[in-house]
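# A look at the structure
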Amino acid sequence: MPNKMLQFVEVERDMPAKRPAQQRRDDFLEIYGDYIDIKAKEQASRCSQCGVPFCQNHCPLQNNIPDWLKLTAEGRTQEAYRVSAATNNMPEICGRICPQDRLCEGSCVIEQSGHGTVTIGSVERYLSDTAWENDWVEPIAPRRERPHSVGIIGAGPAGLAAAEQLRWQGWQVTIYDRHDRAGGLLIYGIPNFKLDKEIVQRRTRRLEEGGIKFELGVNIGTDISFDKLREKHDAVLIATGVYKARDLTVPGGGAKGVSAALDFLTASNKRSLGDTITGETAENKNVVVIGGGDTAMDCVRTAVRQGAKSVTCLYRRDHANMPGSRRETANAIEEGVIFEWLASPKSVHDRKGLASSVRADRMRLGIKDKSGRQAPEAIEGADFDVPADMVIKALGYTPEDMAVLTEQLTTTRWGTVRVNPLTYETNLPGVYAAGDIVRGASLVVWAIREGRDAAEHMHGYLSEIERSAQLQAAE
């Protein structure tokens, strides 16, 4: 019998079971279990089906969340999945790694009324995992093949989403990536305990089976010039992401033992994938991670699993102002990470060239800055030392120099690629850009959204080329 909706007054919010912290500290397996069918229906039935769906409005993909929650509650699981997948190329990935507490769930009406949000992300994950198990995920099968081709630079979420949308239209698509595996940060930047790599590889295999070609280990601008790429394809999408780490500009910041977050996470993920990596791990080390975003949380929790002696996170603002997911911060605290709020690195001390400690200023929040956040300021004479054999910089990412790709592109003062905000086309005809290389370091869900939007306009551009070719042939 289908569940009625608006059950939030009778049914409590209930997340899927989470493995005990002591158990999950020792492995890289995902920490949340799966809903069983009856539990997914029950939790979906808590949705209030409100007239203005704030959950949908605050989802970058504008997912039809109330619709697929209602279908789930009614036991129409396959239909629910189809509605979910209609606006999202990777619902099982977003269900796992989206910061729902800052997006859909954080905007849920019943959350605002004090009843606890609908567990939207967990239901989304349940739907897509069930779809894969039951072969409901449709293969990519264009109605007709079109002769014109697209070259996509970058196999991250923006590039993969755009590739799928274009391939459904029948265009010939090739994705180029400098790494040896497709997926970008989904493969190398996010730890297995949040996103098992087989889930990503399953998606990329589907794209390949659908006729999308992957050229991996290819660096555009070095192995193939950008001009040659444009000659080869009728349209190009730049979806390279942003990978340049912000530096730690304090005395001693270049000491051995200080590393960038992405280098640390990439090495860890490669080990999980079976690669032989010779770099150092956090085992038996005092680790200090500097930063307060989701990348910092990935680093502290990875260090715990690598067997660190201690793991400390320094963040210059307080807990309430951390940019990262509250859920991920809570998981890190459960796993034994020490948080030093209102603390900013002042210098890195070393012993014989090796990092040995971080001296940090104790901070306080002062007047609000341009963004409306209170600016942190150091308290004189309140500095302190934290033991540190390994220091990880998780201070965010900036774009690499796009001149390496081509000097013809127009960029912003932040180094991102400048595009027409309506079409995603750059100053070069037929060249588009999407994702972090346009927006700056952001969320996977935004990369998917922009990849889809760019693909829509590229489809229009390619269709015009096709029509022109047909008219010329008819003359």
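Residues numbered from 1 in each chain as written. Predicted model: local features only at pLDDT ≥ 70, side-chain atom pairs only at ≥ 80, totals over all residues. Heavy atoms only, no water.

Once that is clear, we can look at the pairing of strand β10 (residues 343–351). Two elements, β10 and strand β11 (residues 354–368), share 8 bridges in a ladder whose sense is antiparallel. Residue pairing in the sheet places P345 in a bridge with A360 of β11. Taken together, β10 and the strand that follows it, β11, pair antiparallel across an intervening segment of 2 residues, in which K352 is found at a positive phi of about 55 degrees. (Pairing = 2+ DSSP bridges. Helix = DSSP H or I, 4+ residues; strand = E, 2+ residues; numbered from the N terminus.)

A word on a nonpolar patch on the surface. Among the surface-exposed residues, V52, F54 and V109 lie close enough to one another that they form a single nonpolar patch of about 220 Å² accessible area. Summarising the element assignment, V52 is placed in the loop between α2 (37–44) and α3 (54–57). (Patch = residues over 30% accessible without salt bridge, like charges linked within 9 Å, V, L, I, M, F, W, Y side chains within 5 Å. Areas by Shrake-Rupley, 256 points an atom, 1.4 Å probe, with all protein chains shown as cover. Salt bridge = Lys/Arg side-chain N within 4 Å of Asp/Glu carboxyl O.)

Within the structure shown, the criterion is met by 40 salt bridges. Measuring nitrogen to oxygen at the nearest pair gives 3.4 Å for the salt bridge that ties E466 to R144. Here E466, found in helix α17 (residues 444–474), pairs with R144, found in the loop between α8 (120–133) and β1 (149–153); they are 322 residues apart in sequence, far enough to count as distant. The salt bridge involving R301 is made with E328; its shortest N-O contact spans 2.5 Å. A residue pair is termed long-range when its members are at least 10 positions apart, and R301 in helix α14 (residues 294–305) and E328 in helix α15 (residues 326–334) qualify at 27 residues. Across the pair, E328 and R301 agree in class, each one buried. Three or more residues joined by partner-sharing salt bridges are found here, namely K18, R24, R301, R305, E328, E334 and E335. (Buried < 20%, exposed > 50% of the residue type's maximum accessible area, 1.4 Å probe, protein only.)

Take helix α5 (residues 77–86) next. Note that an α-helix has 3.6 residues per turn; residues three or four places apart therefore point the same way. Of all the positions in α5, only T77, A80, Y81 and S84 are classed as buried. What you see down the axis of α5 is that its buried residues fit within an arc of 100 degrees, all on one side. As for α5, its buried residues are in contact with α2, α4 (65–73), α6 (91–97), α8 and α11 (197–209). (Arc of directions from axis to C-beta. Contact = heavy atoms within 4.5 Å.)

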